[in-house]
Amino acid sequence: MGLPATFLWGGATSAHQCEGGWNAGGRGPCKRDYMTLDENKNRLLTYIDDAGNHCFMPLGSGSQLPEGAHYAVFDDCLYPDQEGVQFYNRYKEDIALLKEMGFKVFRMSIAWSRLFPHGNETEPNREGIAFYKDVFTELRKANIEPLVTLWHDDTPLYLDEVYGGWQNRKLIDFFEHYANTCFEEFKGLVNYWLPFNEINNVLMFLDMFGQDPSDEMFQAAYQEMHYKFVASARAVVAAHRADENNQVGCMICGVPFYPATCDPKDIMLSHAMWEKGILYSSDVLCKGEYPTFAKRLWREHGVQLDITPEDLATIKAGSVDIYTFSYYMSSAVTTHSSNDIVGGNCTTGVRNPYLDYSEWSWAHDPLGLRYFLEKVYAQYKLPMMIVENGLGAVDTVEDGRVHDSYRINYLRDHIREMKQAVENGVNLIGYTSWGCIDLVSAGGEMKKRYGFVYVDRQEDGSGTFSRIRKDSFYWYKKVIASNGEDLR
Ligand code: BG6
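What counts, and at which threshold
- Residues numbered from 1 in each chain as written.
- Predicted model: local features only at pLDDT ≥ 70, side-chain atom pairs only at ≥ 80, totals over all residues.
- Heavy atoms only, no water.
- 1 Å grid on protein atoms, 1.4 Å probe; cavity = no way out; pocket = protein on both sides within 12 Å on 5 of 7 lines; lining within 4 Å.
- Points joined across faces, edges and corners; volume = space filled by probe spheres on them.
- Helix = DSSP H or I, 4+ residues; strand = E, 2+ residues; numbered from the N terminus.
- Nonpolar A, V, L, I, M, F, W, Y, C, P; charged D, E, K, R; others polar.
- Axes fitted to C-alpha atoms, helices over the stretch in contact; angles between N-to-C directions.
- Parallel < 35°, antiparallel > 145°, perpendicular 65-115°, else oblique.
- Left-handed = near helix turned anticlockwise from the far one by under 90°.
- Contact = heavy atoms within 4.5 Å.
- Buried < 20%, exposed > 50% of the residue type's maximum accessible area, 1.4 Å probe, protein only.
- Pairing = 2+ DSSP bridges.
- Salt bridge = Lys/Arg side-chain N within 4 Å of Asp/Glu carboxyl O.

Draft legend 1. Focus on the layout of surface pockets. In this structure, the second largest pocket encloses a volume near 450 Å³. The wall of the second largest pocket is formed by 23 residues, among which Asp207, Leu269, Met273, Val333 and Thr348 lie closest to the centre. Tallying contributions element by element places helix H10 (residues 264-287) first for the lining of the second largest pocket, with five residues. When grouped by side-chain class, the residues that make up the lining of the second largest pocket number twelve nonpolar, seven polar and four charged.

Okay, here's the thing in structure tokens:
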């Protein structure tokens, strides 16, 4: 049967991880601009307190500065996102490379603060609009469909500082205005939109880092998600109103949970992880309503949400057109004690003895992708798109070449299972592998690379930013040209 001729092959990036130009063209800052790494690779934000001391604090969605402090750049620190991989200056060269691979779609994000430096202005920054218009036009010239994320972990700093970020209902209005501006300004250039990247990871992160997260942390996470659900629904309604060709997806961090043993308690734990991690958000975004188990989840932590009847009506009216998700790995969970804990992509679980792991302890589990596709498709019956998948690995340049057979193997295995899911009836419309051009990892590291294109930017900040085609570049070109038939 094979994949449909219209299948959208491509790759994905995000603004803060690849653009650079953090203070160019009128762009305002976001927290990630002030993110540096310590020697243990912990992500820290740098600021000056009211007494003038240079200070550091861990990056987290709830991190707020102490009274009288302000974010600051220190000369002796490296800020990987400030320069990214210079897509801001090199997008023409990068798009030419994507075209050479035969890309049909390119997922990228708009930096909210490039259009609205504070996030709450009425009029957008025209330089920011012009930049993205140029990028989308360049993509169109290359016959590449843009797939655009509106929020990829980069709320304008002003909204975080002055309004307390997504704990504040006002952000829904600011986001709606930003989304509307994009739909109007980029009409005819962009038809595929994703309001929020991995909207479910606010909740998943709690279990990953919180060890024993407090009820207050759950309260904040569920409230933030509710405001984002409403903002997403308003964006869906506005996108459809602006252009009937617009298609909007959710973006779920897709981690299938496995019980580590057949102990019924483990089965129930993995069932609960599916509900909390995946289905809670998916139901709201795809069915337009909170699932029946939502009340139980809130009750477990004494959560009292600010939800109005208008919010619920908005959510109902603004369900998405496509089930869009990222997939890197599965997670095995257990109620039994274990010393072999592994974590990655917003989850923590125990080592699965049937799987291999990457250098960053992310499981290599292509069957997990098929499992996720088939299970979720049966549940929501919406067209699906995989918008992130890939292997983060250290690459070495030898005589100007990068021999990344490990990456090819990972992608081949996943594409095979994705094709099998299509054979089995899943309506899958596209696949964009993550970080198609090397970019700064979410963890802030440069050495964790995903791309088909190597970027000469090193962990210590050195490098020329020049681009090199890896072996996987030529392999993926063949995959696309054969519509997934030639995976050798
Ligand atoms: C996804 C994010 O969670 O995972 C990306 O949407 C991120 O922004 C990707 O880069 C891979 O994670 P990492 O930590 O390897 O960069």
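Draft legend 2. Quick look at the packing of helix H9 (residues 215-242) against H10. Their axes nearest at 10 Å, the elements H9 and H10 cross at an angle of 30 degrees. It follows that H9 is roughly parallel to H10 by the angle criterion. Viewed along their axes, H9 and H10 form a crossing whose handedness is right-handed. The residues of H10 that touch H9, namely those facing Phe218, Tyr222, Met225, Phe229 and Ser232, are Lys276, Tyr280, Ser281, Val284 and Leu285. Along the lines of polarity and charge, the residues of the contact of H9 with H10 split into seven nonpolar, two polar and one charged.

Draft legend 3. Expanded view of the pairing of strand E12 (residues 323-326). Side chains of E12 alternate between two faces, with Tyr323 and Phe325 and Thr324 and Ser326 buried alike. The pairing of strand E10 (residues 252-253) with E12 spans two bridges and is parallel. Along E12, the bridge assignment pairs Cys253 with Ser326. Note: E12 against strand E18 (residues 384-388), four bridges, orientation parallel. Within E18, the position partnered with Thr324 by the bridge is Met385.

Draft legend 4. Geometry of empty space enclosed by the protein. Here the structure, examined in full by the defined rule, presents five cavities of 30 Å³ or more. Taken as a whole, the largest cavity holds about 80 Å³ of empty space. For the largest cavity, the lining is made up of 16 residues, of which Met329, Ser330, Ser331, Ala332 and Val342 are closest to its centre. Sorting elements by how many residues they give to the lining of the largest cavity places strand E15 (residues 347-350) first, with four residues. Taken together, the residues of the lining of the largest cavity break down into seven nonpolar, nine polar and no charged.

Draft legend 5. The packing of H9 against helix H12 (residues 309-317), seen in detail. One way to put it is that H9 packs onto H12 with a least axis distance of 8 Å and a crossing angle of 50 degrees. The angle between H9 and H12 falls in the class oblique. Read as a crossing pair, H9 and H12 show a hand that is left-handed. Two secondary-structure elements touch here, H9 through His226, Phe229, Val230, Ala233, Arg234 and Val237 and H12 through Asp311, Thr314, Ile315 and Ala317.

Draft legend 6. Inspection of the pattern of salt bridges at higher detail. The tally for this structure, following the rule as stated, stands at 34 salt bridges. Residues Asp311 and Arg169 are paired through a salt bridge, measuring 2.7 Å at the closest nitrogen-oxygen approach. Taken together, the residues span a long stretch of sequence, with Asp311 in helix H12 and Arg169 in the loop between helix H6 (157-163) and helix H7 (170-185) at a distance of 142 residues. Under the relative-accessibility criterion, Arg169 is labelled partly exposed at 26%. Between Asp395 and Arg407 there is a salt bridge; the shortest N-O distance is 3.2 Å. Pair noted here: Asp395 is in the loop between E18 and helix H14 (405-423) and Arg407 is in helix H14, with a separation of twelve residues, a long-range link.

Geometric descriptors of this kind do not, in isolation, establish any biological role.
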